[in-house]
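As a plain string of letters, each chain reads:
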Amino acid sequence: MPMPSLLSQHIVRRPQRIALLQHIAEQGSITRAAKSAGLSYKAAWDAIDELNNLAQKPLVERAVGGKGGGGAKLSSEGERVLRLYQKLQALQAQVLEAAEDASDLDLLGRLMLRTSARNQLHGKVVAIDSQGRNDLIRLELAEGLHLDAQITHDSTVHLELQSGTEVVALIKAGWLELLTVEQPATSGHNLLKGTIEAILDAEDGPSEVRITLPNGHTLCALAEPLDLRTRGLTVEQPVQVQFSASNVLIGTPL
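Residues numbered from 1 in each chain as written. Predicted model: local features only at pLDDT ≥ 70, side-chain atom pairs only at ≥ 80, totals over all residues. Heavy atoms only, no water.

Participant: Would you mind going over the sheet that holds strand β5 (residues 146–152) with me for this structure?
Facilitator: Strand pairing in a sheet is mediated by backbone hydrogen bonds. Such pairs are either parallel or antiparallel. Strand order across the open sheet formed by 5 strands is β5-β4-β3-β6-β12, with antiparallel pairing between neighbours. Single-partner strands in this sheet number two, and they are β5 and β12 (249–251). Along the sheet, successive strands turn relative to each other by an average axial angle of 45°, direction set aside. Where strand β4 (residues 134–140) and β5 come together, 7 bridges link them in antiparallel fashion. Within β5, the residue paired with R138 across the bridge is D148. The strands that helix α4 (residues 41–54) touches are β3 (119–131) and β6 (166–171); relative to β3, the one it contacts most, it runs at about 40°. (Pairing = 2+ DSSP bridges. Helix = DSSP H or I, 4+ residues; strand = E, 2+ residues; numbered from the N terminus. Axes fitted to C-alpha atoms, helices over the stretch in contact; angles between N-to-C directions. Contact = heavy atoms within 4.5 Å.)

Participant: Looking at this structure, how should I read the nonpolar core?
Facilitator: Nonpolar side chains tend toward joint burial in soluble globular proteins. Counting residues in hydrophobic clusters, the biggest one holds 30 residues, and the most contacted among them are I137, L147, L178, I211, L219 and F243. Secondary-structure elements contributing two or more residues to this core are β3, β4, β5, β6, β8 (190–200), β9 (207–212), β10 (218–223) and β11 (238–243). Beyond its immediate stretch of four places on either side in the chain, L147 contacts L121, I137, R138, L139, L141, A169, N190, F243 and V248. Listed in part, the 22 residues of the second largest apolar core include I18, I24, A33 and W45. (Core = buried A, V, L, I, M, F, W, Y, C linked by side-chain atoms within 4.5 Å. Buried < 20%, exposed > 50% of the residue type's maximum accessible area, 1.4 Å probe, protein only.)

Participant: Please explain unusual backbone geometry as it appears in this structure.
Facilitator: For E143, which is not glycine, the phi dihedral falls at a positive 60°. Tracing the sequence through the fold places E143 in the loop between β4 and β5. For E236, which is not glycine, the phi dihedral falls at a positive 75°.

Participant: What should I look at first to understand the environment of N52 in this one?
Facilitator: Here N52 shows up in helix α4. Note on N52: relative accessible area 1%, which makes it buried. As a C-alpha pair, N52 and G216 span 164 residues in sequence and 7.2 Å in three-dimensional space. Ignoring anything within four residues of it in the chain, the contact list for N52 reads P58, L59, V60, R62, G216 and H217. Side-chain polar atoms of N52 contact the backbone nitrogen of L59, separated by 2.6 Å. (Polar contact = N/O pair within 3.5 Å; in protein donor to acceptor, adjacent residues only side chain to side chain.)

Participant: Explanation requested: α4 in the structure shown.
Facilitator: One turn of the α-helix equals 3.6 residues, which is why residues spaced by three or four share an orientation. In this model α4 runs 20 Å from its N-terminal to its C-terminal C-alpha over 14 residues, within 8% of the 20 Å that 1.5 Å per residue would give. Counting buried positions along α4 yields 11 of 14 residues, so the element is predominantly enclosed. Taken together, the buried positions of α4 are occupied by A44, W45, D46, A47, I48, D49, E50, L51, N52, N53 and L54. (Expected span 1.5 Å × (residues − 1).)

Participant: Explanation requested: the sheet that holds strand β7 (residues 177–179) in the structure shown.
Facilitator: Pairing is antiparallel across the open sheet formed by 5 strands, whose spatial order is β7-β11-β8-β9-β10. Each edge of the open sheet carries a strand with a single partner, namely β7 and β10. Across the sheet, the mean angle separating the axes of adjacent strands is 45° when strand polarity is ignored. Here 5 bridges tie β8 to β9, and the two strands are oriented antiparallel to one another. Following the sheet pairing, T195 is matched in β9 by T212. With respect to the sheet, α4 is in contact with β8, β9 and β10, its orientation differing from that of β9 by roughly 35°.

Following this line, the structure appears as structure tokens:
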């Protein structure tokens, strides 16, 4: 199965995150893998979520809780990506030697934009509906999940979007609203159903809620601890996530 081009670019541009896969394969635990890779436990989770969301199938299979903060192993797709990373390691030195000047690497760094958006989901365009000055972009995620993004028609043209274009949907954690399974969604909003995987409390401010979607992708939302308790939203409970199409940003490969 061909690898999504966005994941392939991620492997080249952020190899330190792919290296985490090797630590997971060796250590069998997210906690131990994070320590071995020199990352915090939270940073390791963030890296795994980002990789899983860019892939067609999850690269890491996890069991929350248990010895060592949760067992973890690579899926067959994760093993395939790790093999590719190991091949690229041999080529990395050649790339660095080929740079004519240090400024070449600085230029590449500026072009390889990172984003603060916590949720980055790989998908492809399946429909574009004109709505005056705006377009509603229908995206298909892995395993047939869908979401809509509303952008200006000028942006559609600038990004050269058409049916089949691979994109990354970017959604800030604060733009996601959690609903119980009984609550009705707001008309016209995106609605995805999932299961609460973890709730990470903060000393001051909202908790970080990680939601696993049926396709293995993970969403990160923010919610007040009291609100979560009041509505019975706890770990392993089903939950709905809604967000406006206008709060979905779209990115394409350079």
